[in-house]
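Read off the chains here:
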Amino acid sequence: MSRFSAICILAVLILFPLTAQAQEPQPASGFVPKWTVGDQWTLQASYRDLKNASEPWLPPVRWVFRVKAIKNIFRMDCYVIHVFPQDARLKMQAVLYLAVRDLRPVRVIDIFPTAQGVKNRIRDLDPMHPTPLLNEDSMVPYDMPVFPLMRMTTQRADGFAGYTEPEARNFDKIATYGVFKFKRNVAQTGKQPERRYADSFATYRSMATGESFQVELADSGPTGTLTQLWQEGAPWAISSENSARKIWLVPAGPSKVTPAATPRASQGGAQ
Amino acid sequence: MKARLLVAISIFFAFALLVTPFKALSADFLTSLFGEHNSASGEIKPAPWSGDWWSRKKGFNIKGWPGHTPSPFERYDQYVLGRTGQNPGATAWESDPANTHYGPQSEDWEGHCNGWSGASVLEPEPHETKIRNGISFETSDQKAILSELYMNTYCMFYGKRNWGNHGDDPLDIYPDQFHKLLLEYIAGQKSAVVCDITPDRQVWNYPLYKFESSWQPSFLNDKKLKVRTVCTYADDGVKPDYHGTKSMTITYTYNLIIDDQGNIVSGEWTGDSVQNHPDFVWVPTADAPNPPGTVQENPNLDTRFVHEITNGAAVVQVNPEALLSEAGLNTADLF
């Protein structure tokens with residue numbers, strides 16, 4: 001090997017980590033929830049039973065989110081979040097690996113029950129092309145938008161009409177199964193928080209201060225539009241809802257949770 | 001005669017020349033996507049078990065049937081009475097027509113097929129008679145109370161139920177979504193799924209546990225894949241004491257529409273499947289309690305006692321990380 005070749009190889013070895021690090025995406029300014037190892041919060045989720053007559057809301061399930069560690073995955077420091085139900089009889093959990101920098105999902109592990117015992121499914125997601133995380137095949141309520149969320153103060157204002165809704169960010173979500181790739185579109189829109197959610201925000205003001213964010217995740221697939229409310233200082237969305245799910249962040253301290261929608265009378269065991 | 005033959009041969013070759021470029025284009029594009037693959041399959045083993053669907057009209061679960069008395073619910077009440085000193089009243093509740101689980105005037109198709117489907121996907125099949133507190137629970141008794149227990153289930157739900165109302169989409173669930181679910185759940189070895197196999201107002205739930213799909217390019221459209229899928233369901237057209245899985249198959253045909261990048265973006269049912277395809281699909285994930293004020297599930301049936309009868313006393317893991325190990329994951333690697 002010539003001296004020149006040796007120098008070239010050495011240069012590549014020295015520069016590679018720097019270039020790799022340089023490729024790691026830098027977050028734009030805006031709101032990104034921050035956690036530390038040991039943080040824990042609880043979500044209460046109600047699910048609508050769409051297969052049954054009268055589509056009743058089922059009794060809610062409480063999900064505990066626990067920040068277990070920070071691990072380096074694909075050259076990114078990631079929070080490792082263990083999500084499990086308070087009721088241990090439910091055999092569903094998830095482990096999320098979210099980049100510390102902007103919470104982009106890097107790996108998702110779903111745990112689910114079968115008649116033959118509990119199984120797991122591991123999904124590695126493309127960290128270079130983050131898309132909203134939607135739990136289309138799991139009950140665990142880990143839906144989240146692409147961060148950072150834009151602050152009102154930096155949103156576009158024309159000076160005449162005042163506040164202008166930002167345009168939707170469109171993401172192609174592609175799911176691959178063998179030789180098949182299924183594509184659907186998810187549009188993420190930040191909105192000025194609507195007045196009807198004022199009570200929700202007020203509930204969390206005691207535990208969180210700062211700006212409030214409303215995000216809509218419109219899915220061209222079957223799940224429809226999910227509306228999330230994020231509050232600066234709160235560890236997770238204080239509210240998420242679509243036509244089939246209603247999820248609330250349980251305030252720390254004495255439990256005070258918005259009740260699920262009033263169940264309607266069922267027509268009984270329709271086949 | 002000779003002239004006519006020559007004309008016919010000329011027309012044949014002209015047509016062949018005309019369609020060849022389309023055919024070649026179609027084959028090339030799709031070959032680049034799928035290579036030599038032209039089939040997919042999957043099967044969940046063991047299959048969900050067959051069982052009675054506990055017709056509302058017949059009321060076998062509360063009245064028993066020829067050669068089988070007391071009924072499954074009467075045995076349950078006796079068991080709980082022995083355990084707690086109090087009759088839970090499961091039979092009485094189920095027998096009250098006001099609760100809509102039993103009624104001689106019910107429609108012929110109404111029953112507990114959703115409960116049976118959920119139980120057969122999530123619970124192992126009862127294989128032997130269990131004697132609990134001196135009361136005999138045959139496999140049919142166990143299946144009857146399990147089918148009631150799963151009348152409410154937490155589940156993943158796909159498609160939209162057709163209520164027979166104006167505006168309901170008779171073509172939903174669409175085949176691209178259905179095909180994706182087969183690959184995700186059945187080929188991916190996750191779980192059997194439950195389908196309402198009729199696209200109209202009636203609901204006929206059956207667990208789907210096996211499929212075999214094959215496809216070929218559309219003759220003239222290189223963005224269309226013509227698919228034929230044979231789905232195998234566990235059948236509930238059996239006697240209450242049936243053991244194992246009686247299967248039935250339904251063949252669906254549909255087109256999957258592909259964009260320029262080779263992604264499937266939509267689908268359309270074809271042939272008989274336009275009228276005969278699943279209405280919605282759901283994947284049970286857990287037994288759910290009865291919502292207050294509803295009668296979907298018998299509130300006098302207790303999950304704990306049902307499982308005592310079918311499985312013996314269960315130990316619930318308190319440490320959530322234990323479930324990760326049960327799922328084959330190493331917590332030291334995860335965290």
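So, a few notes on the structure that sits alongside this text. (Residues numbered from 1 in each chain as written. Chains lettered and ligands numbered in written order. Predicted model: local features only at pLDDT ≥ 70, side-chain atom pairs only at ≥ 80, totals over all residues. Heavy atoms only, no water.)

### Here we look at the overall build of chain A
Along chain A, the regular secondary structure elements total two helices and 12 strands. Secondary structure elements in chain A, listed N-terminal to C-terminal, are α-β-β-β-β-β-β-β-β-α-β-β-β-β. Per-residue burial over chain A gives 51% buried out of 271 residues. Of all intrachain contacts in chain A linking residues separated by at least 6 positions in sequence, the fraction that spans at least 24 positions is 50%. Just so you have it, chain A exposes about 12400 Å², and 55% of that area is on carbon and sulfur atoms. (Helix = DSSP H or I, 4+ residues; strand = E, 2+ residues; numbered from the N terminus. Buried < 20%, exposed > 50% of the residue type's maximum accessible area, 1.4 Å probe, protein only. Contact = heavy atoms within 4.5 Å. Areas by Shrake-Rupley, 256 points an atom, 1.4 Å probe, with all protein chains shown as cover.)

### With respect to the layout of surface pockets
Of the volumes computed, that of the second largest pocket is approximately 990 Å³. If you trace the second largest pocket, you find 42 residues lining it, with A:Arg89, A:Lys91, B:Glu123, B:Tyr150 and B:His307 closest to the centre. Looking at the lining of the second largest pocket, the elements with two or more residues in it are strand E2 (61-73), strand E5 (105-114) and strand E6 (117-124) of chain A together with strand E10 (280-287) and helix H8 (303-311) of chain B. Its residues assigned to classes, the lining of the second largest pocket comprises 21 nonpolar, 10 polar and 11 charged. (1 Å grid on protein atoms, 1.4 Å probe; cavity = no way out; pocket = protein on both sides within 12 Å on 5 of 7 lines; lining within 4 Å. Points joined across faces, edges and corners; volume = space filled by probe spheres on them. Nonpolar A, V, L, I, M, F, W, Y, C, P; charged D, E, K, R; others polar.)

### A closer look at the environment of A:Tyr177
For A:Tyr177, the location among the structural elements is in strand E7 (residues 169-177). You can call A:Tyr177 buried: its relative accessible area is 16%. A:Tyr177 sits 127 residues away from A:Leu50 along the chain, and the two C-alpha atoms are 27 Å apart. Excluding residues within four positions of it along the chain, A:Tyr177 makes contact with A:Arg121, A:Asp137, A:Phe182, B:Lys180, B:Leu183 and B:Glu184. Among the polar contacts listed, one links the side chain of A:Tyr177 to the side chain of B:Glu184, at a separation of 2.4 Å. (Polar contact = N/O pair within 3.5 Å; in protein donor to acceptor, adjacent residues only side chain to side chain.)

### Some words on the environment of B:Lys190
Tracing the chain through its elements places B:Lys190 in the loop between helix H7 (175-187) and strand E5 (193-196). Along the chain, B:Lys190 and B:Asn311 lie 121 residues apart, while their C-alpha atoms are 23 Å from each other. Excluding residues within four positions of it along the chain, B:Lys190 makes contact with A:Phe112, A:Thr114, A:Lys119, A:Arg121, A:Asp137, B:Ile44, B:Glu184 and B:Tyr185. One polar contact links B:Lys190 to B:Glu184, side chain to side chain, over a distance of 2.8 Å.

### Details of the nonpolar core
Formed by 119 residues in total, the largest nonpolar core has its most connected members in A:Trp63, A:Trp230, A:Trp236 and B:Tyr233. If you look at the next biggest cluster of nonpolar residues, it comprises 18 residues, including A:Ala69, A:Tyr97, A:Val118 and B:Leu334. (Core = buried A, V, L, I, M, F, W, Y, C linked by side-chain atoms within 4.5 Å.)

### Topic: empty space enclosed by the protein
Scanning the entire structure with this criterion turns up one cavity of 30 Å³ or more. As a volume, the largest cavity reaches approximately 140 Å³. Where the lining of the largest cavity is concerned, the elements lending two or more residues are E5 of chain A together with E10 of chain B. Tallying contributions element by element places E5(A) first for the lining of the largest cavity, with four residues. Among the residues making up the lining of the largest cavity, the classes are represented as 10 nonpolar, four polar and three charged.

### As for the side chain of A:Lys51
By the element assignment, A:Lys51 lies in the loop between strand E1 (40-47) and E2. Here B:Thr153 takes part through its side chain, which lies 2.8 Å from a polar atom of the side chain of A:Lys51. If near-sequence neighbours (up to four positions away) are discounted, A:Lys51 is found in contact with B:Thr153, B:Cys155, B:Phe157, B:Arg161, B:Phe280 and B:Trp282.

### Considerations on the interface of chain B and chain A
Contact with chain B, which involves 80 residues of that partner, is made by 65 residues of chain A. For the pair chain B and chain A, the two sides together bury roughly 5800 Å², of which 61% comes from carbon and sulfur. Looking only at chain B, the three residues that lose the most surface to chain A are B:Tyr154, B:Lys190 and B:Phe335, adding up to 12% of its buried area. Between B:Glu321 and A:Lys68 there is a salt bridge, with the nearest N and O atoms lying 2.3 Å from each other. Taken together, the links from chain B to chain A amount to 20 residue pairs in polar contact (both at pLDDT 80 or more). Sorting elements by how many residues they give to the side of chain B that touches chain A places H7(B) first, with seven residues. Here the side of chain B that touches chain A is built from residues that sort into 43 nonpolar, 22 polar and 15 charged. (Buried area = accessible area lost by both parts, 1.4 Å probe. Salt bridge = Lys/Arg side-chain N within 4 Å of Asp/Glu carboxyl O.)

### Observations regarding the side chain of B:Asn99
All names here are of chain B. By secondary structure assignment, the location of Asn-99 is in the loop between helix H4 (90-95) and helix H5 (113-122). Polar contacts involving the side chain of Asn-99 include one to the main-chain carbonyl oxygen of Trp-93, which spans 2.8 Å. Here Asn-99 is in contact with Trp-93 and Val-295, once residues within four sequence places are set aside.

### With respect to H8(B)
Residues and elements named next belong to chain B. When H8 is considered as a whole, its buried residues turn out to be Phe-305, Val-306, His-307, Glu-308, Ile-309 and Thr-310. If you check the start of H8, you find a side-chain oxygen 2.7 Å away from the backbone N of Arg-304, and it comes from Asp-302. Within two residues after H8, Gly-312 carries a phi angle of roughly 85°, on the positive side.

### Focus: the pairing of strand E3 (residues 76-85) of chain A
Residue and element names in this part refer to chain A. The element E3 is extensively covered by neighbouring structure, given that nine of its 10 residues are classed as buried. Where E2 and E3 come together, 10 bridges link them in antiparallel fashion. Bridging from a neighbouring strand, Asn-72 pairs with Asp-77 of E3. Between the end of E2 and the start of E3, which pair antiparallel, lie two residues, with Phe-74 showing a positive phi angle near 50°. Pairing between E3 and strand E4 (residues 93-99): six bridges, direction antiparallel. Paired with Val-83 across the bridge in E4 is Ala-94. (Pairing = 2+ DSSP bridges.)

### Re the state of the cysteines
Residues and elements named next belong to chain B. Going through the model one piece at a time under the given rule, you end up with zero disulfides over all chains. Considering cysteine sulfurs only, Cys-195 is the nearest to Cys-113, which forms no disulfide, with 12 Å between them. Its sulfur unpaired, Cys-155 is 12 Å from the next cysteine sulfur, which belongs to Cys-195. (Disulfide = S-S within 2.5 Å.)

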